[in-house]
Amino acid sequence: MTYARLSKYEESVIKEKSKVKWMEAGNSNTNFFYNSLKERRSRNNILVLNSRENVRLEEDREIGAECVEFYKTLFGIPSNNKGASAVIDGLQFDKLVSLEDSEKLLLPVTRDEVIEDLASIHSSKAHGPDGFKFAFSKALRPSLGMILFSELKSVSFYLWRSIQDNILLAHEIVRNYHKSISSPRCALKIDLHKAFDSVSWGAIVAVMKKFGLPKKLIDWIYICISTAKFSVMINGSPYGYFGAERGLRQGCPLSPYLFVMVMEVFSGLLQQQVSSGNYGLHPKCRATNLTYLCFADDVLVFFKGNVQSAQVLARVMTDFSNFSGLSVNCDKTSLFSSAVNPNDLEVILTCLK
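Residues numbered from 1 in each chain as written. Predicted model: local features only at pLDDT ≥ 70, side-chain atom pairs only at ≥ 80, totals over all residues. Heavy atoms only, no water.

## Details of the side chain of Asp197
Heads up, the condition is: Helical segments are the DSSP runs of H or I of at least four residues, strand segments are the runs of E of at least two, and each set is numbered from the N terminus. The classification of residues rests on relative accessible area computed with a 1.4 Å probe and restricted to protein chains. Under 20% of the type maximum is buried, over 50% is exposed, and intermediate values are partly exposed. Only four residue types enter the tally: Lys and Arg on the positive side, Asp and Glu on the negative side, with His and both chain ends excluded. Any carboxyl oxygen of Asp or Glu that lies within 4 Å of a side-chain nitrogen of Lys or Arg is treated as forming a salt bridge with it.
Structurally, Asp197 is set in helix α10 (residues 195-198). Within the buried set, Asp197 has no salt-bridge partner at all; the shortest N-O distance to an opposite charge, 5.1 Å, is to Lys194.

Structure representation (structure tokens):
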């Protein structure tokens, strides 16, 4: 009995390390998982790394130290929210959290909510370096992040919306851009540089307050995003143990929702300029008053193909960057235009650099 139990434990551990998800049950597959683990490790091994000083590193210890310093720098610099309060104080969001929903968010967590949230997580997932999979958590302990995620989702987002809707809409808006016989129009594809890793915690808190979320819930969410610790896994061994001063963890169920809330500030700044008549709408967006579409950390902004709209967009991007800590990756940002005067196009490109 002891041997059988130990063999089962060994298979479970090797299966987790092999990251094979399609095989759920059956006879002992220890050899298969071992082979999958070896193949995965050989594919993921870092044998050589050039440091930021362009020094060739070959030892795991040296590679680990370089990676730890890189991520400490990335996560450890608090975003400088210059004029953050002035930016968000002047905005008016269309929909805020109602008093009724605010009270619901602070209701005691029920046993059914814990069971439902834990049941939604795949049993083979491990949520920490202790190696315990969620099959263990489902039986013994709740997940605060999952519970907050469910509560926030229930009052702030539409469950029936999908990113595919944005893809189809973007395709329709930029259709026939190759034709020169039309009114001037532009679409700017913006890549946000390391968006999840660099978003400001101060901006997240400010936006949640602006939306009317209760202070206690904001405090809970802030604890979830600010107390995480990180290690860098190099060739199977962890290096470093450090905290962060900004950023959201990719994979955390709260992160996409918090990031979308921050992007609402960008939307609000553009809508302000539309209302004042300074920002010209894309000809195909006038009926819906649409200014941009968001695809995770990629943003597709639509505007009338004139210099004034480009100048306003550049100012909005600067204000939003100062508020949120997010910056534009110019190397991955592209401008698409149709029927724009060549001289105007040159000025527009200069404005948006």
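There's plenty left to go through after this.
## Let's talk about the sheet that holds strand β8 (residues 334-338)
For clarity, the threshold we go by: Two strands qualify as a pair provided that DSSP identifies no fewer than 2 bridges between them. Note on geometry: axes are C-alpha line fits, over the in-contact stretch for helices, and angles between N-to-C directions span 0 to 180 degrees. The contact rule is simple, with two residues in contact once any of their heavy atoms fall within 4.5 Å.
The 4 strands lie next to each other as β6-β7-β3-β8, forming an open sheet whose pairing is antiparallel. A single partner strand is all that each edge strand has here, and the edge strands are β6 (292-295) and β8. Pairs of neighbouring strands in the sheet enclose a mean axial angle of 15 degrees, with direction left out of account. For β6 and strand β7 (residues 298-304), the ladder comprises 4 bridges, and the chain directions are antiparallel. Along β7, the bridge assignment pairs Tyr292 with Val301. On top of the sheet, helix α9 (residues 163-173) reaches β6 and β7; it is set at about 135 degrees to β6, its chief contact.

## With respect to empty space enclosed by the protein
The rolling of a water-molecule-sized probe over the atoms marks out the regions of remaining empty space. Let me state the cut-off plainly: Cavities and pockets are defined on a 1 Å grid built over the protein atoms alone: a cavity is a set of grid points where a 1.4 Å probe fits but cannot escape, while a pocket is an open set with protein on both sides within 12 Å along at least five of seven lines, and lining residues are those with an atom within 4 Å of any such point. Grid points are joined across faces, edges and corners, and a volume is the space filled by probe spheres set on the points. In this classification, the charged set is Asp, Glu, Lys and Arg, the nonpolar set is Ala, Val, Leu, Ile, Met, Phe, Trp, Tyr, Cys and Pro, and all remaining amino acids, among them Gly, are polar.
Per the counting criterion, the structure on display carries 2 cavities of 30 Å³ or more. Considered as a void within the structure, the largest cavity measures approximately 80 Å³ in volume. Where the lining of the largest cavity is concerned, the elements lending two or more residues are α13 (255-275) and α14 (307-324). Ranked by residue count, the leading element in the lining of the largest cavity is α14, at 3 residues. For the lining of the largest cavity, the per-class residue count stands at 9 nonpolar, 1 polar and no charged.

## Points about unusual backbone geometry
If you check the backbone angles, Lys194 has positive phi at about 45 degrees while not being a glycine. With respect to the helices, strands and loops of the structure, Lys194 is situated in the loop between β3 (185-191) and α10. A positive phi is found at Asn235, a non-glycine position, where the angle reads about 50 degrees. Along the chain, the position of Asn235 falls in the loop between β4 (230-234) and β5 (237-242).

## Section: the packing of aromatic side chains
Defined as follows: Ring pairs are drawn from Phe, Tyr and Trp, using the six-membered ring of Trp, whenever the two centres fall within 6.5 Å, and their geometry is named by plane angle: stacked under 30 degrees, edge-to-face over 60, tilted for the rest.
Scanning all chains against the criterion turns up 10 aromatic pairs. Consider the rings of Phe266 and Tyr292, whose centres lie 5.3 Å apart with planes at 80 degrees: the pair is edge-to-face. Taken as a pair, Phe266 in helix α13 and Tyr292 in strand β6 lie far apart in primary sequence, 26 residues in all. When its relative accessible area of 3% is taken as the criterion, Phe266 is described as buried. The class of Tyr292 is buried, set by a relative accessible area of 11%. An aromatic cluster of at least three residues, connected via ring pairs, comprises Phe70, Tyr71, Phe75, Phe230 and Phe242.

## A short note on the pattern of salt bridges
Taken as a whole, this structure holds 5 salt bridges when the rule is applied. Residue Arg175 pairs with Glu172 through a salt bridge whose shortest N-O separation is 3.0 Å. Arg175 gets classed as partly exposed once you look at its relative accessible area, which sits at 39%. A salt bridge links Asp219 to Lys215; its shortest N-O distance comes to 2.9 Å. Placement of both Asp219 and Lys215 in helix α12 (residues 215-226) is noted, with a separation of 4 residues, approximately one turn of the helix.

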